[in-house]
Amino acid sequence: MTDYPYFNHLPKPLISEVKIRQRIRELGELITDEYRGQDLVVVSVLKGSFIFFADLIRSIKTPLHCEFMGLSSYGSGSTSSGEVKVTLDLLEPIEGKHVLIVEDIVDTGVTMSYLLKTLSNRKPLSLKVASLLFKPDALKQPLELDYVGFRIGNEFVVGYGLDYGGRYRQLPYIGLLEHEN
Ligand code: PRP
């Protein structure tokens with residue numbers, strides 16, 4: 001608690017900084033092997049993925065371009081509204097390009113299904129997904145994820161980019177929010 005005096009309730013650690021770092025190194029190696037020698041567009045889904053994205057791209061050892069897409073479905077609470085809003089679109093066309101979507105979490109899968117549909121309509125050469133976290137029990141529709149950092153249970157997690165009411169994104173680990181749900 002002494003390291004984080006600005007939080008009233010310190011989220012209980014679920015995935016440590018060390019484990020996150022190790023897993024991102026592994027994912028980076030897999031992604032590097034897959035796209036070696038090819039140009040890649042990596043899309044950060046804002047806001048939640050920005051920290052994972054920043055760490056992941058530094059572990060990918062092949063040329064890449066960074067793009068950003070803003071999507072939101074949770075508003076200020078802890079349950080999805082089910083309606084996805086585009087808050088920022090890509091700046092460049094992705095037609096004919098290899099595209100890797102980078103997400104912090106796939107929960108119900110509503111956001112990712114929407115994004116896959118939207119981006120596949122733009123005719124990329126390939127379209128794959130890397131998500132740091134995946135909640136298989138919460139999934140509402142079948143979804144293929146190409147790279148997953150960690151599978152977790154149906155619990156509300158914060159930190160490492162994930163928020164509750166806009167807070168906790170700067171926490172360096174993934175934690176369980178037990179008091180504010
Ligand atoms: C979170 C997260 C994913 C989405 C996953 O975004 O970053 O984009 O929810 O949930 P789903 O699988 O149930 O659709 P959020 O809407 O909270 O916006 P944020 O990334 O700006 O925090």
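Since we're looking at a predicted model, the values are computed, not measured.

Asker: Whenever I open this one, the pairing of strand β2 (residues 40–46) confuses me. Can you help?
Answerer: Each regular strand carries side chains that alternate between the two faces of the sheet. Within β2, 6 of the 7 residues are buried, leaving the element largely enclosed by the surrounding structure. Each parallel crossover has a hand, and the one from β2 via helix α2 (residues 50–57) to strand β3 (residues 64–72) is right-handed.

Asker: Just checking my understanding: could you explain the site of the ligand for this structure?
Answerer: Close to the ligand lie 18 residues, the nearest being Ser-73, Glu-103, Asp-104, Thr-108 and Thr-111. Within the backbone of Lys-47, an N or O atom sits 3.0 Å from an oxygen atom of the ligand. The contact in question runs from an oxygen atom of the ligand to an N or O atom on the side chain of Thr-108, over 2.5 Å. Coverage of the ligand by the protein chains reaches 93% of its 490 Å² of free accessible surface. If you list the elements that add at least two residues to the shell around the ligand, you get β3, β5 (98–106) and α3 (110–120). It is β5 that provides the largest number of residues to the shell around the ligand, a total of 4 residues. Of the residues belonging to the shell around the ligand, the class tally is 6 nonpolar, 6 polar and 6 charged.

Asker: Explain the side chain of Ser-113 here, please?
Answerer: Residue placement: Ser-113 occurs in helix α3. Relative accessible area serves as the criterion here: at 18%, Ser-113 is assigned to the buried category. In this view, Ser-113 contacts Gln-141 and Leu-143; residues no more than four positions away in its chain are not counted.

Asker: Hey, could you run me through the pattern of salt bridges in this one?
Answerer: Close approach of charged atoms lets side chains of opposite charge pair. Inspection of the entire model under this criterion finds 7 salt bridges. Notably, a salt bridge pairs Arg-23 with Glu-26, separated by 2.7 Å at the nearest N-O pair. Taken together, the residues Arg-23 and Glu-26, both in helix α1 (residues 17–35) and 3 residues apart, mark about one turn of the helix. Overall, the relative accessible area of 39% leaves Glu-26 in the partly exposed class. Here Asp-33 makes a salt bridge to Arg-36, at a shortest N to O gap of 2.5 Å. Residues Asp-33 and Arg-36 agree in their burial class; the two are exposed.

Asker: Would you explain the nonpolar core in this entry?
Answerer: In a soluble, globular protein the nonpolar side chains are often hidden away together inside. By size, the foremost hydrophobic cluster in this structure holds 26 residues, and its most contacted members are Ile-31, Phe-52, Leu-56, Leu-100, Leu-133, Val-157 and Ile-174. Put simply, the parts of the chain that give this core at least two residues each are α1, β2, α2, β5, β6 (126–134), β7 (147–151) and β9 (174–176). For this core, the element with the highest residue contribution is α1, accounting for 5 residues. In terms of nonpolar packing, the next biggest core, distinct from the first, is built from 21 residues, Ile-94, Leu-116, Leu-119 and Val-148 among them.

Asker: Looking at this structure, how should I read α2?
Answerer: All of the buried residues along α2 are Phe-52, Phe-53 and Leu-56. With its buried residues spanning 100 degrees around the axis, α2 presents them on a single face. Residues of α2 that are buried sit in contact with α1, β2, β3, β5 and β6.

Asker: Is there a simple way to explain the sheet that holds β3 in this structure?
Answerer: Think of a sheet as strands paired side by side through backbone hydrogen bonds, with each pair either parallel or antiparallel. Taken together, the 6 strands give an open sheet; going across it, the order is β4-β3-β2-β5-β6-β7, and neighbouring strands pair in mixed fashion. Of all strands in the sheet, those with a lone pairing partner are β4 (85–88) and β7, marking the two edges. Strand-to-strand, the axes of this sheet are offset by a mean angle of 25 degrees, without reference to chain direction. Here β5 runs beside β6; their pairing, made up of 8 bridges, is parallel. The partner of Glu-103 across the bridge, within β6, is Ser-131. Across the sheet, α1 touches β2, β5, β6 and β7, and the angle it forms with β7 is around 160 degrees. Contacts from α2 reach β2, β3, β5 and β6 within the one sheet, and its direction differs from that of β2 by about 155 degrees.

Parameters and conventions
- Residues numbered from 1 in each chain as written.
- Predicted model: local features only at pLDDT ≥ 70, side-chain atom pairs only at ≥ 80, totals over all residues.
- Heavy atoms only, no water.
- Buried < 20%, exposed > 50% of the residue type's maximum accessible area, 1.4 Å probe, protein only.
- Helix = DSSP H or I, 4+ residues; strand = E, 2+ residues; numbered from the N terminus.
- Right-handed = clockwise from strand over helix to strand, strands pointing away.
- Near = heavy atom within 4 Å.
- Polar contact = N/O pair within 3.5 Å; in protein donor to acceptor, adjacent residues only side chain to side chain.
- Areas by Shrake-Rupley, 256 points an atom, 1.4 Å probe, with all protein chains shown as cover.
- Nonpolar A, V, L, I, M, F, W, Y, C, P; charged D, E, K, R; others polar.
- Contact = heavy atoms within 4.5 Å.
- Salt bridge = Lys/Arg side-chain N within 4 Å of Asp/Glu carboxyl O.
- Core = buried A, V, L, I, M, F, W, Y, C linked by side-chain atoms within 4.5 Å.
- Arc of directions from axis to C-beta.
- Pairing = 2+ DSSP bridges.
- Axes fitted to C-alpha atoms, helices over the stretch in contact; angles between N-to-C directions.

Without other data, these values stay purely geometric and don't point to any function.
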